[in-house]
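# Remarks on the overall topology
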Amino acid sequence: MPDSENPVAADFIRTLIRKDNETNRFGGRVHTRFPPEPNGYLHIGHAKSIVLNFGIAEEFDGLCNLRFDDTNPSKEDTEYIESIIEDVHWLGYDWGNRLFHASDYFDQLYEYAVQLIKLGKAYVDDLSAEELRQQRGTLTEPGIESPYRNRSVSENLDLFQKMRSGEFPDGSRTLRAKIDMKSPNLNMRDPVMYRIKKESHPHTGDKWCIYPMYDYTHCVSDSIELITHSICTLEFEDHRPLYDWFLDQLNLYHPQQIEFARLNLSYTIMSKRKLLQLVKERYVSGWDDPRMPTISGLRRRGVTPESIRTFCDRIGVAKNDSTVDIALLEFCIREDLNKRAVRVMGVLNPLKVTLTNYPENQVEYMECINNPEDESMGTRLVPFCRELYIDYDDFREIPPSKFYRLSPGREVRLRYGYFIRCQEIVKDEKGNIIELRCTYDPETRGGFAPDGRKVQATIHWVSAQHALNAEVRLYDRLFNIPNPLGENENTQFTDFINPNSLTILQNCKVEPSLQSAKPTERFQFERVGYFCIDSRDSRPDCLVFNRTVTLKDIWAKIEASLNQKKS
RNA sequence: UGGGGGUUCGUCUAGUGGUAGGACAGCGGACUCUGAAUCCGUAUGCCGAGGUUCGAAUCCUCGACCCCCAGCCA
């Protein structure tokens, strides 16, 4: 489903593919793939790749496979496989019957390895990991050839067969490609193709005790699947000669590999290893903690798949290392939610308001618009009575300049309600404001003044008698600096976790229409932000809302600059 | 002091020899029963130095800076 509103992007990858189609290089075929390793949850950086690969397939009437790069059973898990499938589907993509695993090709890969041995292009090495590392050389010095490099084909065949049948302990031997220990490209210095790991595999069980390395597996898998354009990230650029070498030696079909820059986002991190650390060390509640940049975290936070796709389209694709401002993501989220979220009224920090001239037991039902951006979403009736709650933030005993909201003696409008004027402040013994006593103007029902008089502000409210109690979780950026990784050598990214990334409000009051709200449903709390029902913890008798993102807040800016002037 | 990539507004990104454009962020304004949304306006940029050319972000030369590679990880 390409964004029909947006013109088709003209990034360098699509330009290349168009050229390939013009020259009929792949017979007009376009076949991509998204190849995650199931060793963690998908994050928004993966979303960039997913949207790119599946998006290109759609645009060019091609296909996109989902393939698990599951060559290392020590790190991989079915929990991750399931989450990845769910996340890619949720983003809106489908791979038909083309769900593959690199492990589907283990037999074929083994045969190809035997073939390379027979060709004299691969050998069994008895060096330990440590010895191998020492002999690899450095960036500026060539490596040295292993003493086992020139074993005979028959000995290699025999040894490799014995590796497979489990006759050697883990780590004791490897199968290596015989290329060039002096190559300036370290990937070409006789890279390991197979290692011994007597571990059971999430997909192949106990069938294998040797597992192929990524570099060998990946290029052959792409070739087997007849991928036309293998789109990957920049760090694999100098692996390409190795992929070409394998495919050339085996005389196999060559996909075109194209590398692009991975996504970095300000105020968060994208490394799966570090995200795992946040989970394991309990900085967050799990992979789907709404502060996490994971797809599942964003989903639980209330972000829509459409806004993620729009975001991925807008950031573009190039080869520059780049860090996208998270404000762009937030913009895409607001833009989408503005069109689709039902407006409701919710009071986060309740301040009681009594309308002293309003009849004691009267209840009126005010008609409220569900979404001014979409008339078809209709209206609803919200109860109004003598005692209400408004937000603490909407009242100031001593209003600063440019503060338009309620203050002593001042008149404001209650949205869809009445004009009210603050007459009296009630305080407890400590001096905290606990109640406002106000009068309302019966002539202004619905919020309209027949005499045409204006108020400077309209504020939201809920009826005290009808309000639902709710817990609201205010989420903010996970880190308090744009680049938590790059501060300096003496700091860790965990030093910069935003202590205010989660604020839990227990005593919130929301309008009664929310009683029937279902998990993951999204709302705009007018004047406050976008919220969704938490999919894990919300219950009908105790609603839990997650703040997805705030509304743009001009007043907060003014206030911040006022405070800055003071100090 | 090896190899591979990269450098265009604050941030992403177009532009491939002919007026440097868009988006977000910023700033200013209009409108407003959400200080939202919407609308309008506006500042800011070709890594540097030479060269070729009527004309260079684009071509050439030299330089600077940034990223990736020394896992039996992917």
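What you see is a predicted model; the values in this text were computed from it and never measured.

Attention now goes to the protein's contact with RNA strand B. In the vicinity of RNA strand B lie 66 residues, with Leu186, Arg405, Arg413, Gly446 and Arg527 positioned nearest. Atoms of RNA strand B within 4 Å of the protein belong to the sugar or the phosphate in 66% of instances, the rest to bases. Lysine 75 places a polar side-chain atom, nitrogen or oxygen, 3.2 Å from a sugar or linking oxygen of RNA strand B. One of the side-chain nitrogen or oxygen atoms of glutamate 373 is found 3.1 Å away from a sugar or linking oxygen of RNA strand B. Among the elements of the structure, helix 5 (129-135), strand 6 (192-196), strand 11 (322-324), helix 12 (326-340) and helix 13 (554-566) are those that each provide at least two residues to the surface near RNA strand B.

Further remarks concern the sheet that holds strand 21 (residues 458-459). The seven strands are arranged 21-18-19-20-14-17-22 in an open sheet whose pairing can be described as mixed. Each edge of the open sheet is held by one strand with a lone partner, namely strand 21 and strand 22 (462-463).

Attention now goes to the confidence of the model for chain A. Summary statistics for chain A give a mean pLDDT of 96 and a share of 98% for residues scoring 70 or more. Low confidence marks residues 1-7, where pLDDT is under 50. Its contacts with residues over four positions away, or in another chain, come to seven contacts.

All told, the structure shown has zero disulfides when counted by the stated rule. Looking at cysteine 232, it has no disulfide partner, and the nearest cysteine sulfur is the one in cysteine 219, 11 Å off. Cysteine 368 takes part in no disulfide bond, and the closest cysteine sulfur to it belongs to cysteine 385, at a distance of 14 Å.

Another aspect to go through is unusual backbone geometry. You will see that aspartate 61, though not glycine, has its phi angle at about 55 degrees, which is positive. Aspartate 61 gets classed as exposed once you look at its relative accessible area, which sits at 74%. Backbone geometry at lysine 402 places phi at a positive 75 degrees, although glycine is not the residue there. As for its position among the elements, lysine 402 is in the loop between strand 17 (387-391) and strand 18 (411-414). Relative accessible area serves as the criterion here: at 54%, lysine 402 is assigned to the exposed category.

Scoring rules and cut-offs
- Residues numbered from 1 in each chain as written.
- Chains lettered and ligands numbered in written order.
- Predicted model: local features only at pLDDT ≥ 70, side-chain atom pairs only at ≥ 80, totals over all residues.
- Heavy atoms only, no water.
- Near = heavy atom within 4 Å.
- Polar contact = N/O pair within 3.5 Å; in protein donor to acceptor, adjacent residues only side chain to side chain.
- Helix = DSSP H or I, 4+ residues; strand = E, 2+ residues; numbered from the N terminus.
- Pairing = 2+ DSSP bridges.
- pLDDT = per-residue confidence, 0-100.
- Contact = heavy atoms within 4.5 Å.
- Disulfide = S-S within 2.5 Å.
- Buried < 20%, exposed > 50% of the residue type's maximum accessible area, 1.4 Å probe, protein only.

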